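Here is how the chains run, residue by residue.
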Amino acid sequence: MDASNYRRVPAGVVAPRDAGDVAAALRICADAGFPVVPRGGGTSIAGQATGVGVVLDLTRHMNALVSVDPVARTAVVQPGLVLDRLRDAVRPYGLAFGPDPSTHARCTLGGMIGNNACGAHSVAWGTTADNVTELAVTAYGGSSYRLGTGWAGAPEGLRELVAGNLAVLRTGLAGGFSRRISGYGGLDALLPERGVGVARAFCGSEGTLGVVTEAVVRLVEAPRAPVLAVLGYADESAAADAAAGLLGAGPLTVEGMARDLVPGAAAAGALPRGDAWLFVEMRDEGAARSLVRGADAVDSLLVTDPAGQRALWRIREDAAGTATRTPDGGMAWPGWEDCAVPPARLGAYLREFRALLAAHGLRGTPYGHFGEGCVHVRIDFDLVTPAGIARFRSFSGELADLVVSHGGSLSGEHGDGQARAELLPRMYGPEVIALFGAYKDVWDPAGGMNPGMLVRPARLDENLRFAVLPPGGGELSHGVARCVGVAKCRTTEVGGPGVMCPSYRATGEELHSTRGRARLLHEMLAGEVVTDGWRSREVAEALDLCLSCKGCRSDCPVGVDMAAYKAEFLHHHWSGRIRPPAHYLLGGLPRLLRTVALLRAAAPLNAAARRLPPPGLTRDRPLPPLARTPFTRWWRSRAGESRPQGPGATAVTLWPDTFTEYLSPHTGRAAVRVLEAAGLEVTVPRGPVCCGLTYVSTGRLDRARTVLRRTLTRLEGAPDRPVVVLEPSCAAALRTDLPALLPDDPRAHRLATAVRTFAEALEQYAPHWRPPRLDRPVAGQTHCHQHAVLGDAADRRLRERAGLTGELSGGCCGLAGNFGFEPGHHAVSVACAREQLLPSLDAARDSGPAILADGFSCRTQIAQLSPYRAHHLAELLADGLPIEGLADSP
């Protein structure tokens, strides 16, 4: 699978190390009659990166930037090089590679060449074909070619084919526009008057002709201080009608979207007035202001700040994922992702397109490169039932006719693949279609390169990936189907608040990405390739290095929740069997530590653990010591009551989570001091309570439900109060896992709604309290569950009020609860910490920061891998209170 609706199962995958390996693989496959599909990042959305036979994974080894010539403004690249790596390398020279798809953080140059990718800046810098000067290509059977301009290096028979079809090339491909990508749409580059651009014509061939092993690409001068003008319009049609009129101003981008794509940003006031917007990037502020003055827009916004521009562009770049969700939470799918019409026809086309959707009872949210007439849209097709698939087919034919009636192209940048190749005869005449077949046969007479794409294509309604999923497969089936494969989880970018996907960044293996795991679960449910179901060792291996960080829950554009899927898999995988020791020791941690506390055995157990690590856990790190006095024992020693507060004081319940109770009770004591200093009345539940987190993370879901029901029963009769949870992972479990595990228990939903983080409680229930001014920088870690589930806006505001400056590290600390203590995980755990957390601590060393980490796992990782000691925010604030504001010590 790729990022499309299609699934074709290969016989095997080869990861060549160099062009010699590619030639050998193609020679062997040709001798054996096996088809070959070259593959980059797998972000193609028309099915062309799926295939039977042998898939060549060009990202594993052939991913080098060979050289850069800043004077000639060229670079030599291998096909597996990710676009952002090229852009980062040439940025110091003031250069860029012009085409920039929204998947720039994970798409590869080879894939861009294969699809003739474009992106937002193609209105200024053209398509990939416009920016390629030379290609090294290996054909099926192992023959190698060096393509450029002119016939030198071209395969035998190509020159004769062109000479015999000059009239067809000049008439059948006449009148094209910049986004005519469909079919072999660049074949007219072979005309003598076009300079015989053999390399250019090869671009957009979707792996059907040969395998690119190296490319020379042209670089462009990057503007030094671009400015983003956001223009607001009354509606989508008005924005589309206006787009073509802006092209004379020389924009770098003209991107369009409507309110139904970005309702949150529009409601938050991040965009100017209007119901549709054009994002127009100009080379400098003067050009942007001139553009705004001449634009007939309802409202406008100029963004000169690079950070502000990045925030707005992120909205646009995530649209490929956010557009997959309909307003009512349903799913929308690719298939008609990138039709294009001449820009002057865009407004009329969109009006008719919306009418066609309505006539078929379908919904979709258009957006895209309005300056070039290219429209992206995902549509809520039913691709499961026979009736739904029939409607998909009928709609596709009618939409193809609509696009052609406006002089457009079925594909404007993503290629036709299986999704649209069957419909190419509606766009091109029979002579052109015949020429396409003859062109492929010159390159690939055996038909071994990516069969079923472009020439002699498969039907658009076969090989659908949903067909193999069991009907009524439940939430897991819906969840893995939701993964549309846009591969944001494969990004290797470091920095910023994002978390997903730490295990992929540590290993670089597709099976350790969110997408890779979702695909394996898909195959497990299908039962054709992975045949042992819930007992599958392949799936278990892929999920073993999942840290359950929940980063994908928020960072994945479609909200894939791999932590939840892992818990369900482990639940079934170990059902009726003896589990690994870590599942009992760490999964049963709340019960185990409660027993130790009742026996007052913390000291001897700490001593024993130092000498002899418990069986079933890693020997690469020590266990954190248990506290001698649990938090609730200290609480009872103060007569179990909050210090008196004024009349009308809000009462809150402080949740004694397992980590605060037995491992970090000083954090609980500090929280009590701060909450009381803020005028809140603090209570603590009578008797043990548990969020079930450790049982969920080890897949002991039945046990988790039992524990949670017992907790809810113990809380019955207690007054309804806000529940303050200090440990972010426990707060996230109560807010999301609790109602998910007990959906029919109203008590679960009441408790989940009552949960507040420490900062949220102070902000909501003590809004006029002024925290102590600490006035110092901070460094540390935002807990990944806080990022993914809870949000940290209240924490940021509280830190600002306390004079704590600086940003906490994104990513995952790598300890991740039980993960870092389980055998075989230490190397990945440390690699995650070394990615962002540890460098951020070292970078802040000279400023003497306070080290802040609200998660116990994060504090433990910092203590074990660095010379620093981290604190919960409650501890820092408590230390800043005047002495009379402190609660009595036990």
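Each value, and the rule that gives it
- Residues numbered from 1 in each chain as written.
- Predicted model: local features only at pLDDT ≥ 70, side-chain atom pairs only at ≥ 80, totals over all residues.
- Heavy atoms only, no water.
- Buried < 20%, exposed > 50% of the residue type's maximum accessible area, 1.4 Å probe, protein only.
- Helix = DSSP H or I, 4+ residues; strand = E, 2+ residues; numbered from the N terminus.
- Contact = heavy atoms within 4.5 Å.
- Pairing = 2+ DSSP bridges.
- Expected span 1.5 Å × (residues − 1).
- Bend = angle between axes of the 7 residues up to and from the residue.
- Axes fitted to C-alpha atoms, helices over the stretch in contact; angles between N-to-C directions.
- Parallel < 35°, antiparallel > 145°, perpendicular 65-115°, else oblique.
- Nonpolar A, V, L, I, M, F, W, Y, C, P; charged D, E, K, R; others polar.
- Core = buried A, V, L, I, M, F, W, Y, C linked by side-chain atoms within 4.5 Å.
- Patch = residues over 30% accessible without salt bridge, like charges linked within 9 Å, V, L, I, M, F, W, Y side chains within 5 Å.
- Areas by Shrake-Rupley, 256 points an atom, 1.4 Å probe, with all protein chains shown as cover.
- Salt bridge = Lys/Arg side-chain N within 4 Å of Asp/Glu carboxyl O.
- Lys, Arg positive; Asp, Glu negative; His and termini not counted.
- Charge placed at Lys NZ, Arg CZ, Asp CG, Glu CD.
- Disulfide = S-S within 2.5 Å.
- pLDDT = per-residue confidence, 0-100.
- Polar contact = N/O pair within 3.5 Å; in protein donor to acceptor, adjacent residues only side chain to side chain.
- Phe/Tyr/Trp six-rings, centres within 6.5 Å; stacked < 30°, edge-to-face > 60°.

A closer look at unusual backbone geometry
At step 1: Between Met500 and Cys501 the backbone carries a cis peptide bond, its omega angle lying at -10 degrees.
At step 2: Backbone geometry places Lys550, a non-glycine residue, at a positive phi of 65 degrees.
At step 3: On the basis of relative accessibility, which here comes to 5%, the residue Lys550 falls in the buried class.
At step 4: If you check the backbone angles, Ala816 has positive phi at about 55 degrees while not being a glycine.
At step 5: Considering the arrangement of structural elements, one finds Ala816 in the loop between β23 (804-805) and α37 (826-835).

Focus on the side chain of Thr43
At step 1: Tracing the backbone through its elements, the reader meets Thr43 in the loop between β2 (36-39) and β3 (54-57).
At step 2: In contact with Thr43, not counting residues within four places along its chain, are Ala3, Thr103, Arg106, Cys107, Gly485, Val486, Ala487 and Arg515.

Brief notes about the pairing of strand β4 (residues 65-69)
When a strand is regular, its side chains alternate between the sheet's two faces.
At step 1: Examined bridge by bridge, β4 and strand β5 (residues 74-77) share 4 bridges and lie antiparallel to one another. When the bridges of β5 are listed, Ser67 appears paired with Val76.
At step 2: Taking the residues between adjacent antiparallel strands as the criterion, β4 and β5 are bridged by 4 residues, where Arg73 takes a positive phi near 60 degrees.

Notes on helix α32 (residues 728-741)
Think of an α-helix as 3.6 residues a turn; residues three or four steps apart then line up on the same face.
At step 1: The end-to-end C-alpha distance of α32 is 19 Å, a good match for the 20 Å that 14 residues give at a rise of 1.5 Å each.
At step 2: At Leu734, α32 is bent by approximately 35 degrees, the largest bend along its length.
At step 3: Of all the residues in α32, the buried ones are Pro728, Ser729, Cys730, Ala731, Ala732, Ala733, Leu734, Thr736, Asp737, Leu738, Pro739 and Leu741.

Structural notes on the packing of helix α8 (residues 236-243) against helix α13 (residues 346-359)
At step 1: Relative to each other, α8 and α13 sit at 150 degrees, their axes nearing to 7 Å. On the basis of the axis angle, α8 is roughly antiparallel to α13. On α13, the residues touching Glu236, Ser237, Ala240 and Asp241 of α8 are Leu346, Gly347, Ala348, Leu350, Arg351 and Arg354.
At step 2: Split into classes, the residues belonging to the contact of α8 with α13 amount to 4 nonpolar, 2 polar and 4 charged.

Quick look at the sheet that holds strand β20 (residues 723-725)
At step 1: The 4 strands lie next to each other as β19-β18-β20-β21, forming an open sheet whose pairing is parallel. Each end of this open sheet is capped by a strand with a single partner; those strands are β19 (681-683) and β21 (755-757). The sheet shows a mean angle of 40 degrees between the axes of neighbouring strands, taken without regard to direction.
At step 2: Pairing between strand β18 (residues 651-655) and β20: 3 bridges, direction parallel. Paired with Trp655 across the bridge in β20 is Val725.

Focus: the nonpolar core
At step 1: In terms of nonpolar packing, the biggest core is built from 130 residues, with Leu135, Leu278, Trp336, Tyr349, Phe395, Tyr439 and Leu521 touching the most fellow members.
At step 2: Per element, the largest residue contribution to this core is 7 residues, and it comes from helix α14 (residues 386-405).
At step 3: Phe395 has contacts with Trp336, Phe353, Leu356, Leu357, His360, Leu362, Ile379 and Phe381, leaving out every residue within four places of it along the chain.
At step 4: Leu589, Phe659, Leu734 and Leu738 belong to the second-largest nonpolar core, a separate cluster that totals 40 residues.

Details of the pairing of strand β9 (residues 211-218)
At step 1: Burial analysis of β9 places 6 of its 8 residues in the buried class, which makes it a mostly covered element.
At step 2: With 4 bridges connecting them, β5 and β9 associate as antiparallel partners. Following the sheet pairing, Ala75 is matched in β9 by Val217.
At step 3: With 6 bridges joining them, strand β7 (residues 132-138) and β9 adopt antiparallel strand pairing. When the sheet's bridge partners are listed, Val132 is paired in β9 with Val217.

Some details on a negative patch on the surface
At step 1: Together, Asp532, Glu538, Glu541 and Asp544 make up a negatively charged patch on the protein surface.
At step 2: Mapping Asp532 onto the fold places it in the loop between α20 (514-526) and α21 (537-544).

Notes on the sheet that holds β7
At step 1: Within the open sheet, the 5 strands sit side by side as β4-β5-β9-β7-β8. Their pairing is antiparallel. Looking at the sheet topology across the chains shown, the edges are occupied by β4 and β8 (144-147). The mean angle between the axes of side-by-side strands here comes to 10 degrees, regardless of whether they run parallel or antiparallel.
At step 2: Of the strands in this sheet, β4, β5 and β9 are in contact with helix α2 (residues 83-90), which crosses β4 at around 35 degrees.

Focus on α13
At step 1: For α13, which comprises 14 residues, the first-to-last C-alpha distance of 20 Å matches the rise-based estimate of 20 Å (1.5 Å per residue) to within 8%.
At step 2: Three or more residues of α13 are buried, namely Leu346, Gly347, Tyr349, Leu350, Phe353, Leu356 and Leu357.
At step 3: The elements touched by buried residues of α13 are α8, β15 (339-340), β17 (374-376) and α14.
At step 4: Phi for Gly361, located one or two positions after α13, is positive at around 65 degrees.

Some points on the pattern of salt bridges
At step 1: This model, assessed by the stated rule, comprises 47 salt bridges.
At step 2: Its salt-bridge partner being Asp188, residue Arg180 comes within 3.3 Å of it at the nearest N-O pair.
At step 3: The exposure class of Asp188 is buried, given its relative accessible area of 10%.
At step 4: Between Arg705 and Asp702 there is a salt bridge whose closest N-O contact spans 3.3 Å. Here Asp702 and Arg705 lie together in helix α31 (residues 701-715), a separation of 3 residues that amounts to about one turn.
At step 5: Arg705 sits in the partly exposed class, given a relative accessible area of 23%.
At step 6: One salt-bridge network, held together by shared partners, links Arg393, Glu422, Arg459 and Asp461.

Structural notes on the state of the cysteines
At step 1: Counted by the stated rule, this structure contains 0 disulfides.
At step 2: In this structure Cys374 is not part of a disulfide, and its nearest cysteine sulfur, from Cys118, lies 7.0 Å away.
At step 3: Its sulfur unpaired, Cys483 is 6.4 Å from the next cysteine sulfur, which belongs to Cys556.

Focus on the confidence of the model for the protein
At step 1: Per-chain confidence: the protein averages 94 in pLDDT, with 98% of residues scoring 70 or above.
At step 2: Across residues 885-890, confidence stays below pLDDT 50; counting only partners more than four residues off in sequence or on other chains, it has 13 contacts.

So, the side chain of Asn818
At step 1: Along the chain, the position of Asn818 falls in the loop between β23 and α37.
At step 2: Among the polar contacts listed, one links the side chain of Asn818 to the side chain of Glu822, at a separation of 2.7 Å.
At step 3: Excluding residues that lie within four positions of it along the chain, Asn818 makes contacts with Leu586, Ser697 and Thr698.

What to know about the packing of aromatic side chains
At step 1: Under the criterion given, the structure shown has 14 aromatic pairs.
At step 2: An angle of 70 degrees between the planes, with centres 4.8 Å apart, marks the rings of Phe381 and Phe392 as edge-to-face. Here Phe392 lies in helix α14 and Phe381 lies in the loop between β17 and α14, a separation of 11 residues in the sequence. Taken as a pair, Phe381 and Phe392 share a single burial class, namely buried.
At step 3: A network of ring pairs unites the aromatic residues Tyr184, Tyr428, Phe436 and Tyr439 as a single cluster.

Here's the deal with the environment of Ala833
At step 1: Counting through the fold element by element, Ala833 comes out in helix α37.
At step 2: Owing to a relative accessible area of 0%, Ala833 belongs among the buried residues under this scheme.
At step 3: Counting along the chain gives 299 residues from Ala833 to Trp534, while the straight-line C-alpha distance between them is 32 Å.

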